[in-house]
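Per-entry structural report
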Amino acid sequence: MSIKKIELRQHVDLKGLTTIKIGGPARHFFVAHSRDDLAEISKDTGGAWYLLGRGSNLLVKDSCIEKPVITLGEEFDYLRADNETLEVGAATPFSRVLNHCLKSDLSGVHNLAGIPASCGGLLRMNASSFKREISACVTEVEAMDKSGTISRIAKEALFFGYRASSLKDSIVLRAWFILHRDTRVKNEVRNFLKIRRETQELSLPSCGCIFKNPPGTSAGFLIEQCGLKGLTKNGAQISRKHANFIVNVKNASYEDVDYLTRFIKDSVYKKFGIILEEEIERWG
Ligand SMILES: Cc1cc2nc3c(=O)[nH]c(=O)nc-3n(C[C@H](O)[C@H](O)[C@H](O)COP(=O)(O)OP(=O)(O)OC[C@H]3O[C@@H](n4cnc5c(N)ncnc54)[C@H](O)[C@@H]3O)c2cc1C
């Protein structure tokens, strides 16, 4: 690599940077501290990279990851508030946005309480919770494409679908949201978090739901109907609490999780004739 003055670390363990605590070392790991860094890395790598947010939707192979991995540095972690408008850097953890919303009684994105993600990752995935998508309140996104060109894109010019967006091949740099005051926010968040605790396995490492919900039903329900809750492969287990979660009970490997996902797909197809589609992204 010919890149100069850019923070490049070698053999960074991705295991510690994913919420499911699985993954091998990244041979080249770039921390981008500016837009210039990003443009240069993109150019130097020919646009062939992985972009890491908070690692909460990733299943990474245990072997060395050869494709360069980029993450956004602390320069992209900020929140600027102007009444009901928020400008948020892409590396900002969503928990920080939520805390601001709680302090200021701001409603609009609080349904996503408890998702351990970065704002860039949430937008890229168009994450949703309790029937509300992150895109609902976004007004504009600034993103860099693989050629290093930066554009500010109005919401109307973006595509947002179920766990999908037109930001797939871009690097989100920052975004603007319009929220509104509502004194019910604190109570609602308390309730959302309570439901999460009751229905999801949050004390063990996971990457949230593994599969998308097929039209008209939920993947968790189908998996549960196949009697798969608690099924274990070495250190990985189909959660006893939420069948669409695979949890890392003890030093699980990529192969363990892969085995369980294949087992789930086969079982659901045999019983219901439905092909489950993965929501998680695989690297390596
Ligand atoms: C306990 C738990 C609960 C969860 N609950 C939910 C839920 O209720 N609803 C839901 O939708 N998801 C949920 N998830 C999944 C996950 O949090 C989301 O998919 C989230 O959007 C991923 O964000 P991230 O920052 O962790 O991205 P990563 O996992 O690091 O990356 C995911 C994708 O986003 C891309 N990406 C990351 N940053 C950027 C950026 N700046 N610009 C462009 N692309 C970027 C990555 O390249 C990758 O393609 C949950 C996960 C966990 C572990």
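None of these values were measured; they are calculated from a predicted model.

What about the domain arrangement of the protein chain?
With domains assigned, the protein chain is organised as domain 1 (7–74), domain 2 (77–185) and domain 3 (201–283). Centre-to-centre separation of domain 2 and domain 3, based on C-alpha positions: 27 Å. At the interface, four residues of domain 2 touch four residues of domain 3. When the two sides are added together, the surface that domain 2 and domain 3 hide from each other amounts to roughly 370 Å², 42% of it contributed by carbon and sulfur. If you sort the residues of domain 2 by the area they bury against domain 3, Met125, Tyr162 and Arg163 come out on top, with a joint share of 89%. Linking domain 2 with domain 3 are two salt bridges, by the criterion used here. One salt bridge in this structure joins Arg163 and Glu279, with 2.9 Å as the shortest N-O distance. Seen at the junction of domain 2 and domain 3, the total is two residue pairs in polar contact (both at pLDDT 80 or more).

Things to note about the pairing of strand 5 (residues 69–72)
Each regular strand shows side chains that alternate between the opposite faces of the sheet. On strand 5, burial covers both faces: Val69 and Thr71 on one face and Ile70 and Leu72 on the other are all buried. As paired elements, strand 2 (residues 25–32) and strand 5 share four bridges and run parallel to each other. Each residue of the ladder has a partner; that of Ala32, found in strand 5, is Leu72. As judged from the three bridges shared by strand 3 (residues 50–52) and strand 5, these two strands associate in the parallel manner.

Observations concerning the site of the ligand
Surrounding the ligand, one finds 34 residues, the nearest of these being Leu51, Ser56, Ser118, Ser128 and Glu281. Burial of the ligand by the surrounding chains reaches 94%, relative to a free accessible area of 980 Å². Of all the secondary structure elements, the ones that give two or more residues to the shell around the ligand are strand 3, helix 3 (119–125), strand 9 (128–129) and strand 15 (171–178). When residues of the shell around the ligand are assigned to their parent elements, the largest contribution, five residues, is made by helix 3. Looking at the shell around the ligand, its residues break down into 15 nonpolar, 13 polar and six charged.

As for the sheet that holds strand 3
The four strands are arranged 1-2-5-3 in an open sheet whose pairing can be described as mixed. Of all the strands in the sheet, just strand 1 (7–13) and strand 3 have a single pairing partner and so form its edges. Recorded for the sheet is a direction-independent mean angle of 35 degrees between the axes of neighbouring strands.

Description of the nonpolar core
The biggest cluster of nonpolar side chains holds 45 residues, and the ones touching the most others in it are Leu38, Val97, Val109, Leu123, Val141 and Phe177. It is strand 15 that contributes the most residues to this core, five residues altogether. For Leu38, the contacting residues outside a window of four places in its chain are Ala32, Ile70, Leu72, Phe76, Met144, Ile171 and Leu173. Core analysis: the second largest hydrophobic core is formed by 23 residues, Cys207, Cys226, Tyr254 and Leu276 among them.

Considering the packing of aromatic side chains
Enumeration according to the criterion identifies three aromatic pairs in this entry. When the ring of Phe130 is compared with that of Phe192, the centres are 4.4 Å apart and the planes differ by 20 degrees; the resulting orientation is stacked. On the criterion of sequence distance, the pair formed by Phe130 in the loop between strand 9 and strand 10 (132–133) and Phe192 in helix 4 (residues 185–199) is long-range, its members being 62 residues apart. On the basis of relative accessible area, Phe192 is assigned to the buried category, the value being 11%. The ring of Tyr50 has Lys67 sitting right over it, with the charged end atom 4.5 Å from the ring centre.

A word on the pattern of salt bridges
Considering all chains together, one arrives at 19 salt bridges under this definition. Asp77 is paired through a salt bridge with Arg96; the nearest N and O atoms lie 2.5 Å apart. Separated by 19 residues along the polypeptide, Asp77 in the loop between strand 5 and strand 6 (79–82) and Arg96 in helix 2 (residues 94–104) bring together distant segments of the chain. Of the charged contacts, one joins Glu277 and Lys212 as a salt bridge, the two residues approaching to 3.0 Å between their closest N and O atoms. Here Glu277, found in the loop between helix 6 (254–272) and strand 20 (281–283), pairs with Lys212, found in the loop between helix 4 and helix 5 (219–225); they are 65 residues apart in sequence, far enough to count as distant.

What counts and what doesn't
- Residues numbered from 1 in each chain as written.
- Predicted model: local features only at pLDDT ≥ 70, side-chain atom pairs only at ≥ 80, totals over all residues.
- Heavy atoms only, no water.
- Domains from an automatic or database assignment.
- Contact = heavy atoms within 4.5 Å.
- Buried area = accessible area lost by both parts, 1.4 Å probe.
- Salt bridge = Lys/Arg side-chain N within 4 Å of Asp/Glu carboxyl O.
- Polar contact = N/O pair within 3.5 Å; in protein donor to acceptor, adjacent residues only side chain to side chain.
- Buried < 20%, exposed > 50% of the residue type's maximum accessible area, 1.4 Å probe, protein only.
- Helix = DSSP H or I, 4+ residues; strand = E, 2+ residues; numbered from the N terminus.
- Pairing = 2+ DSSP bridges.
- Near = heavy atom within 4 Å.
- Areas by Shrake-Rupley, 256 points an atom, 1.4 Å probe, with all protein chains shown as cover.
- Nonpolar A, V, L, I, M, F, W, Y, C, P; charged D, E, K, R; others polar.
- Axes fitted to C-alpha atoms, helices over the stretch in contact; angles between N-to-C directions.
- Core = buried A, V, L, I, M, F, W, Y, C linked by side-chain atoms within 4.5 Å.
- Phe/Tyr/Trp six-rings, centres within 6.5 Å; stacked < 30°, edge-to-face > 60°.
- Lys NZ or Arg CZ within 6 Å of the ring centre and 35° of its normal.

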